[in-house]
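Residue-level structural notes
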Amino acid sequence: MSQQRKKLVVGNWKLHGRLADNAVLLDAVAQAASRLPEQVKVGVCVPCPYLAQTQTLLAGSVVGWGSQDVSAHLQGAYTGEVAAEMVAEFGATFAIVGHSERRAYHRESADLVAIKAGRALTAGLTPIVCVGETLEQREAGTTEQVVGVQLDEVLARLSLEEAARIVVAYEPVWAIGTGKSATAAEAQAVHAFLRKLLVARGAEVGGVSVLYGGSVKPDNAEELFRQPDIDGGLIGGASLKAQDFLAICNAAAATL
Ligand code: 13P
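In this report, we go over the structure that sits alongside the text. Remember, it's a predicted structure, so these values are computed and weren't measured experimentally. (Residues numbered from 1 in each chain as written. Predicted model: local features only at pLDDT ≥ 70, side-chain atom pairs only at ≥ 80, totals over all residues. Heavy atoms only, no water.)

**Some remarks on the sheet that holds strand 7 (residues 210-213)**
Taking strand neighbours around the barrel as the criterion, the 8 strands line up as 1-2-3-4-5-6-7-8 in a closed arrangement whose pairing is parallel. Each strand axis lies, on average, 25° off the axis of its neighbour in the sheet, ignoring direction. Of the pairings in the sheet, the one linking strand 1 (residues 7-12) to strand 8 (residues 232-235) comprises 4 bridges and is parallel in character. Its bridge partner being in strand 8, valine 9 is matched across the sheet by glycine 233. Strand contacts of helix 2 (residues 51-58): strand 2 (40-45) and strand 3 (64-67), with the helix running at about 175° to strand 3, the strand carrying the most contacts. Packed on one face of the sheet, helix 7 (residues 143-157) meets strand 5 (126-131) and strand 6 (167-170) and runs near 155° to strand 5. (Pairing = 2+ DSSP bridges. Helix = DSSP H or I, 4+ residues; strand = E, 2+ residues; numbered from the N terminus. Axes fitted to C-alpha atoms, helices over the stretch in contact; angles between N-to-C directions. Contact = heavy atoms within 4.5 Å.)

In structure tokens form, the structure reads like this:
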């Protein structure tokens, strides 16, 4: 089945960036992405203040862009929030929702993440729905239960047509920013489980892309991306270094 799905590599800049640095990085990404086969799609999710710059510098390129979160609200007295519709106005196509850093540091519940995914879809964005277990949960043997509930909460709120438009990212919390990626076999096992849940919702939902995230680097990307149920990556630290990010995009192309 993975043969039919395109590869997708998305950078998550997190709380990084400055106008001058972004310009250099975005230019390098746009140029390199133009040389990739069209079955490899590339995106960057930037801090919201840089959406305008990203829109300007990536206009006409094959690279997509988006935010790292959206509000669960449409509008109103919600100081500091950014609505999905606002993000979409910058020509964005992606919005990460439910990243483990937001679940942990902002106490985002599975239900809230599901509402955010719905808001992104209504605004015409592709929500990249992150799921993943902590080290304690993995050691307790509850990985499948944890990621299953996280995904099911989102799917339960969406119509089948909407569910078919999401992207899922499996990001084990213990692998994020630690330099300790899941092995290809560990990641594939969870991806296969997530795929089973998606397929159970019907053929169209079963075709949703499932990305792996957590210490993806140029030297482990290709092996991860070669797994049958891994459709690409959500890249943190390595997405800030043009050379590393481009090497990871090339690794995706090498698996076609
Ligand atoms: P790192 O690639 O820095 O481990 O981060 C992964 C991540 O959280 C992407 O969303």
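**Digging into the site of the ligand**
Near the ligand the following residues occur: Asn12, Lys14, His99, Glu171, Ala175, Ile176, Gly177, Gly214, Ser215, Leu234, Gly236 and Gly237. Here an oxygen atom of the ligand and a side-chain polar atom of histidine 99 are 2.8 Å apart. A distance of 2.8 Å is found between an oxygen atom of the ligand and a backbone nitrogen or oxygen belonging to glycine 237. Against a free-state accessible area of 310 Å², the protein chains account for coverage of 96% of the ligand. Here the residues of the shell around the ligand are counted per class, giving 3 nonpolar, 7 polar and 2 charged. (Near = heavy atom within 4 Å. Polar contact = N/O pair within 3.5 Å; in protein donor to acceptor, adjacent residues only side chain to side chain. Areas by Shrake-Rupley, 256 points an atom, 1.4 Å probe, with all protein chains shown as cover. Nonpolar A, V, L, I, M, F, W, Y, C, P; charged D, E, K, R; others polar.)

**Overview of the pairing of strand 8**
Residues Gly232 and Leu234 point to one face of strand 8 and Gly233 and Ile235 to the other, with burial holding for every one of them. Alignment of strand 7 against strand 8, held across 2 bridges, turns out to be parallel. Paired with tyrosine 212 across the bridge in strand 8 is glycine 233. For the crossover from strand 7 across helix 11 (residues 218-225) to strand 8, the handedness is right-handed. (Buried < 20%, exposed > 50% of the residue type's maximum accessible area, 1.4 Å probe, protein only. Right-handed = clockwise from strand over helix to strand, strands pointing away.)

**As for the pattern of salt bridges**
In the structure shown here, the tally under the stated rule is 14 salt bridges. A salt bridge links aspartate 244 to lysine 241, with the nearest nitrogen and oxygen atoms 4.0 Å apart. Residues joined in a network through salt bridges with shared partners are Asp69, Arg102, Glu108 and Lys116. (Salt bridge = Lys/Arg side-chain N within 4 Å of Asp/Glu carboxyl O.)

**Side note on the side chain of aspartate 69**
Along the chain, aspartate 69 turns up in the loop between strand 3 and helix 3 (84-89). Judged by its relative accessible area of 15%, aspartate 69 is buried. Aside from chain neighbours lying at most four places away, what touches aspartate 69 is Ile96, Arg102, Glu108 and Lys116.

**Points about the nonpolar core**
Val42, Leu125, Val168, Leu194, Tyr212 and Phe225 are the most contacted members of the largest nonpolar core, which totals 70 residues. Not counting residues within four places of it along the chain, the set of residues in contact with leucine 194 comprises Val131, Val147, Leu151, Val168, Tyr170 and Val210. By size, the runner-up hydrophobic cluster in this structure holds 11 residues, among which are Leu8, Val10, Ile128 and Ala169. (Core = buried A, V, L, I, M, F, W, Y, C linked by side-chain atoms within 4.5 Å.)

**Quick notes on the packing of helix 5 (residues 110-122) against helix 7**
How two helices pack is summed up by the angle between their axes together with the distance between the axes. Axis separation between helix 5 and helix 7 bottoms out at 8 Å; the angle between their running directions is 45°. When the axis of helix 5 is compared with that of helix 7, the two are oblique. Note on packing geometry: the crossing formed by helix 5 with helix 7 is right-handed. Along its contact with helix 5, which presents Ala110, Asp111, Val113, Ala114, Ile115 and Ala117, the element helix 7 presents Glu153, Val154 and Arg157. (Parallel < 35°, antiparallel > 145°, perpendicular 65-115°, else oblique. Left-handed = near helix turned anticlockwise from the far one by under 90°.)

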